[in-house]
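# Summary of structural features
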Amino acid sequence: MSAAEATAPIALTPGTQLNPKQIDMLKGLRNGTLLPQLLCTYRDDAKVQIDKIRAAIGSNDLPVVVSSTHSLKSASFSIGADGIGALCAAMESAARGRALSNGPELASQLESLYSSLLPELEAFLTP
Amino acid sequence: MTDSRGTKGCTGTVLVVDDDPTIRLLVSSVLSDAGYTVLDANNGSEALELFAEKDVDCIVTDVNMPKMNGFELSTIVRVMPGGGRVQILFMTGNDDYDSIQKAFDAGANDFTLKHSNPLLLLERVRFLFKSQRIQDELRLSDQRLSYAQRLALLGHWERSPDGKTLAVSDVVCQMMGIDDPEALTWDLLCEMTHPDDLTAMQAMMQRAITQRTNFRLEHRIVTRRGGQRTLRHQGEIVSTNNINGDVIIRSTVQDVTDARAQEDRIRFMAFHDPVTALPNREAATQTLKRAIDRSAERHEHVAVFALWLDDFNRIASSLGQAVSDAVLKSMGNRLRSQMRNPESHPPGSTDNDSPNFIVARADGDKFLCVVSNLAAGESALTIANRLQEAVASPLNMGDTNLQLSASVGVSLYPEDGSAANTLIDNALGALLHTKGQKGACQFFADEISSRAKQRMTLETELRHAIESNQFELHYQPRMRLTDNAVLSAESLLRWRHPTRGLIGPGEFIQLVEEIGLIAPLGNRVIEMAAMQAAHWRRRFNQSFRLSFNISPLQFGSVDLVAEIDKAVALYGAHYANLEAEITESALMSRPDTVITTLNAFRERGLRIALDDFGTGFSSLSYLRRLPLDVLKIDRTFVSDIGVNQSAAALVNSILSMAHALGLSSVAEGVEQETQLHFLSANHCHEVQGYLVAKPMATADMEDWYDNWEGARLNSQIA
């Protein structure tokens, strides 16, 4: 993915952020009891990582941007949050290429995706 | 760091390393559910701590982590204890080819895609565990093989197709005294090979390569420390698909130095005499066989010389074993020095005996010399005389100067036989024919053969008879003239020959002495006499005495006192029931030793009789010095009593002398009443001979004794 592609806006479709195939696969583990744990862990850690990304962009700390987007990317794909995963991949790539001029905009985009994901996550977390 | 345990089939411990808690939770849960014990760590540093503390079988690690990344973790783990065995699985991104390559460089066993189904990761881990088990089994198998090879001193090597490098086991390095296996190349192996073995070794390898055959070769190497080892290789040639026709050579290698040395020792012992280190008769026979084959083709002559040192047994008995061995060794060297230049090796030899000659020790004091390709103008007689002259040179043995002589028997090929054994037997036969003549040289003639054969047969039979104990004692009673009481008997040796029946000592004792077997036979006589004396002390009467004969040669060859002590102790005999009969000739050599021995007998209460008195050369001064108890008058004087006056006068004189010296007197060979009356009238104490009784076996002697003593006592009562 090129830096130019990385800066392109990600299409958001509220209510369908979680990849259903991945969710189905995760539901099959531990008779479905693992999924809420994973999503809970993701919810909390993603918030931390997004905050770190926002701060790092603000201070132009590219290595932190790389490591945090890399980390959030993997976690997102693993629970099926493919949109956030793809945006993190683009941001990681741009940060590695030192082409993150639209970083604040991307950070906002990331926060929006996360915000819209939260209700989906909560739906799995509430009994 | 957390630790979770599952219960589903899989066993082993997996360390999951990722800074992302979601991934850590996901991977740990899947592995734990499968049954693995799972440890997890947030980064490489934590992982190292856990690895050092716990027994970890597998590490599943992320690449990028704070503090320490996966590459650093893997690199460090590999050099930690247990780090060589642990399986390391990297979780990488979809398109992160760079990380995959780096992971393998850092020691990874495998990689998996981080975003894939976690159940696929589980399968990768299972595969790694299976791979680890196989590796463990292989490692264990290698260890067992290595251990077995070390025990068997068996190593292996493999030569690369280019012929330069060798992959070798540790044992090979040990054998060759090389510390670094990488340093051992084919060229170095050749360089270390003993120069005498190198050409043959290389030729054999080349032949095996050319013919693609298995090979087996042995060669010596000279180690860097200067030692010499013998290596045995057994290997195969393996073709490669290389168009140059290159091959791989694989081989086991064994250090056979000790085995080879042992074989050499055994071979040496089989073909050499232990005293002189000269080749033995077998070696001489084999050399002679080869000489005959060669001479038959070339129409040459071969001479066999059998040589003995005249009167050596008698000399040896006065010198003792160690000195007589040294004399034999010295004579062997002299004989060798008289021969021509060395050329060949007798079987098993390491010296330079030539194919033209061999000097061997046959047995006892007999040597054999074989000379082939007799030079023109050089007669066998000349060689024989040269050998005799070599022996005749004065020999200084410490305080003793010896002047020995040798007699020689000669046989010639092809005149006197065409077989090696025949020629040797004929030379020995000719030698036996010289008996009694010192410094004689006798060529073989047909008429010698039968007598020589007889003697050699007798000698062989005698050796066997002594080994298989075919000897027994018979007993001839001695009667006291004052009251006809039988108070003693002489034991006489008999050989119960398996086909010829009972044989008296006159037929064999001289030969036993000549072939040096008097010591074991004499010891056996002492044993049998002690056993019988112990029995008859109880059976006849407490003071019944049994005499036994001691050969003059026994004084020099064994510790007689110790032998008698041993026999007395063994059978519970009493010294007072034993009497040793010696002859005057015992005094001719080593009189001091004889007197010391006889004094030791006397101290124990064992009586001493001088046998065959009057036939030897002993002086009266010796008679005074000897601790004698009994004088036995030889049968030749007794038999002439009543025949001529001088014999009677001589016997009378001997009896008077015995009285004067305080000795008891016994007349041997008494066969007639007139002899008995004369001896009685002249105060002879005891008589022995056919008139009283002939020599008898044990049971007959006991019956005779009972009858005799019964009749005597009855007559006294009457």
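This section reports on the structure supplied with the text.

What follows deals with the overall build of chain B. Secondary structure assignment for chain B yields 25 helices and 27 strands. Residues counted as buried form 40% of the 718 residues belonging to chain B. Long-range contacts, defined here as pairs at least 24 residues apart, represent 62% of the contacts in chain B between residues at least 6 apart.

Moving on, we come to the overall build of chain A. Counting its secondary structure elements, chain A contains 6 helices and 0 strands. Overall, chain A shows an N-to-C arrangement of helices and strands of α-α-α-α-α-α. Residues counted as buried form 42% of the 127 residues belonging to chain A. Counting only contacts in chain A whose residues sit at least 6 apart along the sequence, the fraction spanning at least 24 positions is 71%.

Residue and element names in this part refer to chain B. Running from N to C, helix α2 (residues 44–53) and helix α3 (residues 70–78) cross one another at 25 degrees; their axes reach a closest spacing of 9 Å. Compared by their axis directions, α2 and α3 come out roughly parallel. α3 is crossed by α2, and the crossing has right-handed handedness. Between α2 and α3, the contacting residues are Gly44, Ala47, Leu48 and Phe51 on the first element and Gly70, Glu72, Leu73, Ile76 and Val77 on the second.

Turning to the sheet that holds strand β10 (residues 228–239) of chain B, a few remarks are in order. Residues and elements named next belong to chain B. If you walk across this open sheet you meet the 5 strands as β8-β7-β11-β10-β9, and the pairing is antiparallel. Each of the sheet's edge strands pairs with one partner strand only, and the pair in question is β8 (166–168) and β9 (215–222). Averaged over all pairs of adjacent strands, the angle between strand axes in this sheet comes to 25 degrees, irrespective of strand direction. Bridge count between β9 and β10: 8 bridges; the pairing is antiparallel. Paired with Leu217 across the two strands is His233, which belongs to β10. On top of the sheet, helix α8 (residues 195–211) reaches β9, β10 and β11 (247–255); it is set at about 150 degrees to β9, its chief contact.

All names here are of chain B. Burial of strand β24 (residues 607–613) is extensive: 6 of the 7 residues sit out of reach of the surface. When strand β23 (residues 578–583) meets β24, the two strands line up parallel, connected through 5 bridges. Note that in β24 the partner of Glu579 across the bridge is Arg607.

Time to look at the nonpolar core. For soluble globular proteins, the rule of thumb is that nonpolar side chains tend to be buried together. By size, the foremost hydrophobic cluster in this structure holds 73 residues, and its most contacted members are B:Ala529, B:Ala530 and B:Leu631. Looking at which element gives the most residues to this core, the answer is helix α17 (residues 518–539) of chain B, with 11 residues. Apart from the residues lying within four places of it in its own chain, the contact partners of B:Ala529 are B:Leu473, B:Ser491, B:Leu546, B:Phe548 and B:Leu578. By size, the runner-up hydrophobic cluster in this structure holds 70 residues, among which are A:Leu38, A:Ile79, A:Leu106 and B:Leu26.

What follows is about helix α19 (residues 560–571) of chain B. Residues and elements named next belong to chain B. Between the first and last C-alpha of α19 there are 17 Å, a value that for 12 residues agrees with the 16 Å anticipated at 1.5 Å per step. Three or more residues of α19 are buried, namely Leu560, Ile564, Ala567 and Val568. With its buried residues spanning 100 degrees around the axis, α19 presents them on a single face. Turned more than 90 degrees away from the buried face of α19 sit Ala562, Ala569 and Leu570, all of them exposed. Once α19 ends, the next one or two residues include Gly572, with phi positive near 65 degrees.

What follows is about the sheet that holds strand β17 (residues 406–413) of chain B. Residue and element names in this part refer to chain B. Sheet architecture is open: 5 strands sit in the order β13-β14-β12-β17-β18, paired in mixed fashion. Whereas interior strands pair on both sides, the edge strands pair on one side only; in this sheet they are β13 (357–363) and β18 (441–443). Across the sheet, the mean angle from the axis of one strand to that of its neighbour is 20 degrees, orientation sign disregarded. Bridge count for β17 against β18 is 3 bridges, and the pairing is parallel.

A few words now on the environment of B:Met175. Residues and elements named next belong to chain B. Of note, Met175 is situated in helix α6 (residues 170–176). When the C-alpha positions of Met175 and Leu154 are compared, they lie 9.2 Å apart, and in sequence the two are 21 residues distant. When sequence neighbours within four positions are dropped, the list of residues in contact with Met175 reads Gly155, Arg229, Leu231, Val253 and Asp255.

Our focus in this paragraph is the packing of helix α3 (residues 34–58) of chain A against helix α1 (residues 21–34) of chain B. Interaxial distance between α3(A) and α1(B) falls to 8 Å at its minimum, and their mutual angle equals 160 degrees. Considering the angle they form, α3(A) stands roughly antiparallel to α1(B). The chirality of how α3(A) crosses α1(B) is right-handed. Across the interface between the two elements, A:Leu34, A:Gln37, A:Leu38, A:Thr41, A:Tyr42 and A:Asp45 of α3(A) pack against B:Pro21, B:Thr22, B:Leu25, B:Leu26 and B:Ser29 of α1(B).

Let's shift gears to the environment of B:Glu584. Looking at the element boundaries, B:Glu584 is found in the loop between β23 and α20 (591–604). Put simply, B:Glu584 and B:Leu610 are 26 residues apart on the chain and 6.9 Å apart in space, counted from C-alpha to C-alpha.

Cut-off values and rules
- Sequence positions are assigned chain by chain, starting from 1 and proceeding in written order.
- Whichever chain is written first is A, and whichever ligand is written first is 1; the rest continue in order.
- Whole-chain, interface and lining totals are the exception, using all residues; otherwise, since this is a predicted model, local features are given only for residues with pLDDT of at least 70 and side-chain atom pairs are given and counted only at 80 or more.
- In this description a helix means any DSSP run of H or I spanning at least four residues, a strand means any run of E spanning at least two, and both kinds are numbered starting from the N terminus.
- With C-beta atoms placed from the backbone, a residue is labelled by how many other C-beta atoms lie within 10 Å of its own: buried for 20 or more, exposed for 12 or fewer, partly exposed between the two.
- Throughout, a residue-residue contact means that the two C-beta atoms, derived from backbone geometry, are no farther apart than 7 Å.
- In this analysis, axes come from line fits to C-alpha atoms, helices being fitted only over the stretch in contact, and the angle between any two N-to-C directions falls in the range 0 to 180 degrees.
- Any angle from 65 to 115 degrees is called roughly perpendicular, while one under 35 is roughly parallel, one over 145 is roughly antiparallel, and all others are oblique.
- In a left-handed crossing the near helix is turned counterclockwise from the far helix by less than a right angle, and in a right-handed crossing that turn is clockwise.
- Strand pairing is assigned whenever DSSP identifies at least 2 bridges connecting the two strands.
- For our purposes the nonpolar core covers buried Ala, Val, Leu, Ile, Met, Phe, Trp, Tyr and Cys residues that link as a set through C-beta atoms within 7 Å.
- Here a helix's expected span is defined as the number of its residues, less one, multiplied by 1.5 Å.
- What the arc measures is the spread of directions leading from the helix axis to the C-beta atoms.

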